[in-house]
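# Architecture and fold: a report
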Amino acid sequence: MDPKAFVLGCSALAAGICTLSGLGSGLGQGIAAGKAAEAVGRQPEARGAVMSTMLVGAAVAETCSVYGLIIALILLMANPLVSML
Amino acid sequence: MSFANDNLAVLFEWNGTTVYLTQTLVSTWVVMGALILLAIVVRVWLSRFKNVPKGFQNIIEILVETMSNFTKSTMGEKLEGFGGYFYSIFAFILFSNYSGLVGLRPPTADLATTAALALSTFLLIHGSGIYMRRGRYIKDYFSPYPIFFPINLMGELSKPISLAFRLFGNMLAGVIIVGLVYQMLPLALRFVLPDVLHAYFDIFAGALQAFIFTVLSMTFIQQKAIGDS
């Protein structure tokens, strides 16, 4: 088998697996949004503060899935493994 | 198909390194031009401002007041002076993210831009921390116990990295997904269908990421400069 093709195929597979990092942050953001909805339901006058806190928290939770995305992009577009052959 | 930052022309050569005119550079200049133009317009109108605001003056006053109240509520009275810096950072990131709407490649979809922004936040965090707290700034690294020093150091170093990668990853994801949809659709359908994606990735996520970068920078600076007390 051509070693380059094997490395490229495995890299594509790895990039697909990297997107699974969205799983955790998706769960976390869902929980955060649910809790924020509860908080707004209990205390509707604090809507603005709850919303901005939730958005900042959700964006911070998103960071780890963004790291996964960046690793996937590196594997697809600037693969460091091919040059090692 | 490539979503890389294309080199358009050679700018100059220095010590054997070629510096290219990239798409990011062009769109950064466009964003800078738009912001400078806006600033000049406001400056010219400023001499015509009256005590009782009307029309254009109302809009400018609302913008400035909202942002200065926001700075005050996030960072406290003592650090209100940081407001001016954060207005410009917020405006630059917002205009950069929205430049995707007029067909430019957003400058924030390039790691160089976001790393520069995160680095200036990093310098401000530690500069204001050292200036305002002196000895207690050093002590923070050894709290609650001296053995936590490496963990605290790693935490400080990861702040600018996560700030830079969050903005970069979000904007690049938008560029790639919208670009893929444009490639997929036939020419006749390219005018209406991707609007939904632009509304989410450029307008919503762009504003949200600009807001988050500003709020997180404010919180980090406030933590170091004021502390828990």
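Residues numbered from 1 in each chain as written. Chains lettered and ligands numbered in written order. Predicted model: local features only at pLDDT ≥ 70, side-chain atom pairs only at ≥ 80, totals over all residues.

### Regarding the overall build of chain A
Across its full length, chain A holds three helices and zero strands. The secondary structure elements of chain A, listed N-terminal to C-terminal, are α-α-α. Rg of the C-alpha trace for chain A: 19 Å, well past the compact-globule value of 12 Å for 85 residues, more than 25% over. Here chain A holds 85 residues, and 12% of them are scored as buried. (Helix = DSSP H or I, 4+ residues; strand = E, 2+ residues; numbered from the N terminus. Rg over C-alpha atoms; globule rule 2.2 N^0.38 Å. Buried ≥ 20, exposed ≤ 12 C-beta atoms within 10 Å, placed from the backbone.)

### Things to note about the interface of chain B and chain A
Listed as interface residues are ten residues of chain B and, on the opposing side, nine residues of chain A. Looking at the side of chain B that touches chain A, the elements that each hand over two or more residues are α6 (149-184) and α7 (195-225) of chain B. When grouped by side-chain class, the residues that make up the side of chain B that touches chain A number six nonpolar, three polar and one charged. (Contact = placed C-beta atoms within 7 Å. Nonpolar A, V, L, I, M, F, W, Y, C, P; charged D, E, K, R; others polar.)

### Looking at unusual backbone geometry
In this structure, Arg-134 of chain B takes a positive phi of about 50° despite not being glycine. Turning to its location among the elements, Arg-134 of chain B is positioned in the loop between α4 (111-133) and α5 (135-141).

### A few points about the pairing of strand β2 (residues 17-22) of chain B
Where strand β1 (residues 7-14) of chain B lies against β2 of chain B, six bridges are found, and the strand directions are antiparallel. Across the sheet, Trp-14 of chain B pairs through a bridge with Thr-17 of chain B, a residue of β2 of chain B. (Pairing = 2+ DSSP bridges.)

### Focus: helix α3 (residues 47-77) of chain A
Between its terminal C-alpha atoms α3 of chain A stretches 43 Å, which fits the 45 Å expected from 31 residues at 1.5 Å a residue. Of all bends in α3 of chain A, the biggest is about 35°, found at Thr-63 of chain A. Turning to α3 of chain A, its buried residues are Ala-59, Glu-62, Ser-65, Val-66, Gly-68, Leu-69, Ala-72 and Leu-75 of chain A. For α3 of chain A, the secondary structure elements touched by its buried residues are α1 (3-18) and α2 (22-42) of chain A together with α6 and α7 of chain B. (Expected span 1.5 Å × (residues − 1). Bend = angle between axes of the 7 residues up to and from the residue.)

### Concerning α4 of chain B
When the terminal C-alpha atoms of α4 of chain B are compared, their 32 Å separation across 23 residues agrees well with the 33 Å that a helix rising 1.5 Å per residue should span. Summarising the contacts, the buried residues of α4 of chain B are in contact with α1 (23-46), α3 (83-98), α5, α6 and α7 of chain B.

### Overview of the nonpolar core
Ala-164, Leu-167, Phe-168, Phe-213 and Ile-221 of chain B are the most contacted members of the largest nonpolar core, which has 32 residues in total. Among residues more than four places away in sequence, those in contact with Phe-168 of chain B are Thr-108, Ala-109, Leu-111 and Thr-114 of chain B. (Core = buried A, V, L, I, M, F, W, Y, C linked by C-beta atoms within 7 Å.)

### Examining the packing of α4 of chain B against α7 of chain B
Residue and element names in this part refer to chain B. Between α4 and α7, the least distance of the axes is 8 Å, while the angle of their chain directions is 25°. When the interaxial angle is binned, α4 and α7 end up roughly parallel. At the point where α4 passes α7, the crossing takes the right-handed sense. Of the residues in α7, those in contact with Thr-121, Leu-124, Ile-125, His-126, Ser-128, Gly-129, Met-132 and Arg-133 of α4 are Ser-217, Phe-220, Ile-221, Lys-224 and Ala-225. (Axes fitted to C-alpha atoms, helices over the stretch in contact; angles between N-to-C directions. Parallel < 35°, antiparallel > 145°, perpendicular 65-115°, else oblique. Left-handed = near helix turned anticlockwise from the far one by under 90°.)

### Focus on the packing of α2 of chain A against α3 of chain A
Residue and element names in this part refer to chain A. Taken N-terminus to C-terminus, the directions of α2 and α3 make an angle of 175°; their axes are 8 Å apart at the nearest point. Taken as axis vectors, α2 and α3 run roughly antiparallel relative to one another. Here Gly-22, Gly-24, Ser-25, Gly-28, Gln-29, Ala-32, Ala-33, Ala-36, Ala-39 and Val-40 of α2 come into contact with α3, specifically with Arg-47, Val-50, Met-51, Met-54, Gly-57, Ala-58, Ala-61, Glu-62, Cys-64, Ser-65 and Gly-68. Broken down by class, the residue content of the contact of α2 with α3 amounts to eleven nonpolar, eight polar and two charged.

### Section: the pairing of β1 of chain B
Buried residues are scarce in β1 of chain B, accounting for zero of its eight residues. Counted between consecutive antiparallel strands, the loop separating β1 of chain B from β2 of chain B contains two residues, among which Asn-15 of chain B sits at a positive phi close to 55°.

### Overview of the environment of Trp-14 of chain B
All names here are of chain B. Counting through the fold element by element, Trp-14 comes out in strand β1. Overall, Trp-14 belongs to the exposed group, with 8 C-beta atoms counted inside 10 Å. Separated by 184 residues in the primary sequence, Trp-14 and His-198 place their C-alpha atoms 39 Å from one another.

### Topic: the confidence of the model for chain A
Of the residues in chain A, 100% have a pLDDT of 70 or more, and the chain-wide mean is 88. Least confident of the elements in chain A is α3 of chain A, whose mean pLDDT is 86; most confident is α2 of chain A, at 93. (pLDDT = per-residue confidence, 0-100.)

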